[in-house]
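# Fold and contact review
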Amino acid sequence: MHHSTILTGIVHLVGAGPGSADLLTLRALRLLERADVIVHDRLVSEEILALANPAAERIYVGKRRSEHCLPQEQINELLVRLAHSHACVVRLKGGDPFIFGRGGEEAEAVAAAGIEVQIVPGVTAALGCAAQAGIPLTHRGIARSVTFVTGHTKDGQLDVDFPGLARSLMVGHGGSTVAVYMGIATMPALAAGLAAEGLDLSVSAALIERGGTPRQRELRGSLGELAARAQAWTDGGPALLIIGEVTAAHLARAHQFAAVAV
Ligand code: SAH
């Protein structure tokens, strides 16, 4: 039998945060600086890519609702292939790699190929949006839990636990907050599903576009109003819906946002 030593690199699944470079972690920044190749998608900003090793190869793999440049399976294979020719492979993903980013699948595929994989967390959209909008996702006496759900559909159906979500949002249940990712297109269906479970659509909500960046926009109102207005309001940037009384509390408004140079 012939033995040969194949040197393989390490694949780092790195969270890039919500968009602003100053919300990267130092660990993410250091990996970008020494990356040999960077595989990224649409949610990663130019401002962040500009911090990367200029000699690093860049591969854009797209990703946008229904406009996948490269199917997930091929992204997984690409990462494995790159690890056979590059020491430091950085797979850069918006927000946190393990929150609705299919990072778990990428990590599994890479590990299954016998390649070392390391995960660098990132500020997920819900946290970036909430911070900049001054919405505490949990707040004493108002919300004691927060749930992250996706508004993405599976075979045309929203894949959410309507009874459970509706119940958690109802007054008298101790209060909770729901953050909906990828929820603009399906917001009317989400609202209708919650209403069918008895939720009063006058519950407060906030829609935050490009949260955590200097171009953040917000729309506040009742869930019913937002569901009716969201399509016309959005200008196509990534947007997150936050539902729950914390969005009405007008607590600390964190609008004194100032970008910190990295
Ligand atoms: N892994 C990412 C989420 C990927 S799913 C994370 O942890 O943030 C993509 C969805 O995330 C978008 O449809 C949107 O709902 C949300 N999102 C990502 N970046 C955002 C931003 N800057 N502002 C508001 N929502 C954002």
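See the structure shown above.
To start, this report covers the structure provided alongside it. (Residues numbered from 1 in each chain as written. Predicted model: local features only at pLDDT ≥ 70, side-chain atom pairs only at ≥ 80, totals over all residues. Heavy atoms only, no water.)

### With respect to the site of the ligand
Condition: Think of it this way: one heavy atom of a residue within 4 Å of a molecule or strand is enough to make that residue near it. Polar contacts, as used here, are pairs of N or O atoms within 3.5 Å; protein pairs need one atom able to donate a hydrogen and one able to accept it. Residues neighboring in sequence count only if both atoms are side-chain atoms. The way it works is that DSSP assigns letters per residue, a run of H or I at least four long becomes a helix, a run of E at least two long becomes a strand, and they are numbered from the N terminus. In this count, Pro and Cys sit with the nonpolar residues alongside Ala, Val, Leu, Ile, Met, Phe, Trp and Tyr, while Asp, Glu, Lys and Arg are called charged and the others, Gly among them, polar. Each domain's extent is set by a domain assignment, obtained either automatically or from a database.
Around the ligand sit 18 residues, and of these Ile99, Thr124, Met182, Gly211 and Ala239 come closest. Here Asp96 contributes a backbone N or O atom positioned 2.8 Å from an oxygen atom of the ligand. Thr124 places a side-chain nitrogen or oxygen 2.6 Å from an oxygen atom of the ligand. Contributions of two or more residues to the shell around the ligand are made by α5 (125-133) and β12 (239-243). Considering only residue class, the shell around the ligand consists of 12 nonpolar, 4 polar and 2 charged. There are two domains that each give the shell around the ligand at least three residues, and those are domain 1 (10-123) and domain 2 (126-248).

### A closer look at the pattern of salt bridges
Opposite charge on two side chains allows them to pair when their charged atoms are near. Which entries qualify depends on this criterion: Any carboxyl oxygen of Asp or Glu within 4 Å of a side-chain nitrogen of Lys or Arg constitutes a salt bridge here.
Tallied over the entire structure, the rule returns 10 salt bridges. The salt bridge partner of Arg102 is Glu105, with a shortest N-O separation of 2.8 Å. A salt bridge links Asp159 to Lys154, with the shortest nitrogen-to-oxygen separation between them at 3.9 Å. One network of salt bridges, with partners in common, ties together Asp41, Arg91, Lys93 and Glu106.

### Overview of the packing of aromatic side chains
The way to describe two aromatic rings as a pair is by their centre distance and the angle between their planes. Note the cut-off: Only Phe, Tyr and Trp rings take part, Trp by its six-membered ring, and two of them pair if their centres are within 6.5 Å. Stacked means planes under 30 degrees apart, edge-to-face means over 60, and tilted covers everything else. Should the NZ of a Lys or the CZ of an Arg lie within 6 Å of a ring centre and within 35 degrees of the ring normal, that charge is described as sitting over the ring.
Scanning the model with the defined rule gives 2 aromatic pairs in all. Grouped by ring-pair contacts, the aromatic residues Phe100, Phe148 and Tyr181 constitute a single cluster. The ring of Trp233 has Arg217 lying over it, and the distance from NZ or CZ to the ring centre is 4.3 Å.

### Considerations on the nonpolar core
The cut-off we apply is this: Put simply, a nonpolar core is a bunch of buried Ala, Val, Leu, Ile, Met, Phe, Trp, Tyr and Cys residues held in one set by side-chain atoms that sit within 4.5 Å of each other. Exposure categories follow from relative accessible area, calculated using a 1.4 Å probe and restricted to protein chains: below 20% of the type maximum is buried, above 50% is exposed, and the middle band is partly exposed. Here, two residues are considered to be in contact whenever any of their heavy atoms come within 4.5 Å of each other.
In terms of nonpolar packing, the biggest core is built from 27 residues, with Leu190, Leu194, Leu207, Leu223, Leu241 and Ile243 touching the most fellow members. Discounting chain neighbours no more than four positions away, the residues touching Leu194 are Phe162, Leu165, Ala166, Leu169, Leu199, Leu223 and Ile243. The next biggest cluster of nonpolar side chains, apart from the first, holds 18 residues, and it includes Ala16, Ile38, Val44 and Ala52.

### Describing the sheet that holds β12
Going by this rule: Each pair of strands is called paired provided DSSP finds at least two bridges between the two strands. Working convention: axes come from line fits to C-alpha atoms, limited for helices to the stretch in contact. Angles between N-to-C directions cover 0 to 180 degrees.
Pairing in this open sheet of 5 strands is mixed, and the strands run β6-β9-β12-β10-β11 from one edge to the other. Strand pairing shows two members of the sheet lacking a second neighbour, β6 (146-150) and β11 (217-222), which therefore form its edges. If you compare each strand with its neighbour and ignore which way they point, the axes differ by 20° on average. Two elements, strand β10 (residues 204-209) and β11, share 6 bridges in a ladder whose sense is antiparallel. Following the sheet pairing, Glu209 is matched in β11 by Arg217. Relative to β12, α5 is tilted by about 70°, and along the sheet it contacts β6, β9 (177-181), β10, β11 and β12.

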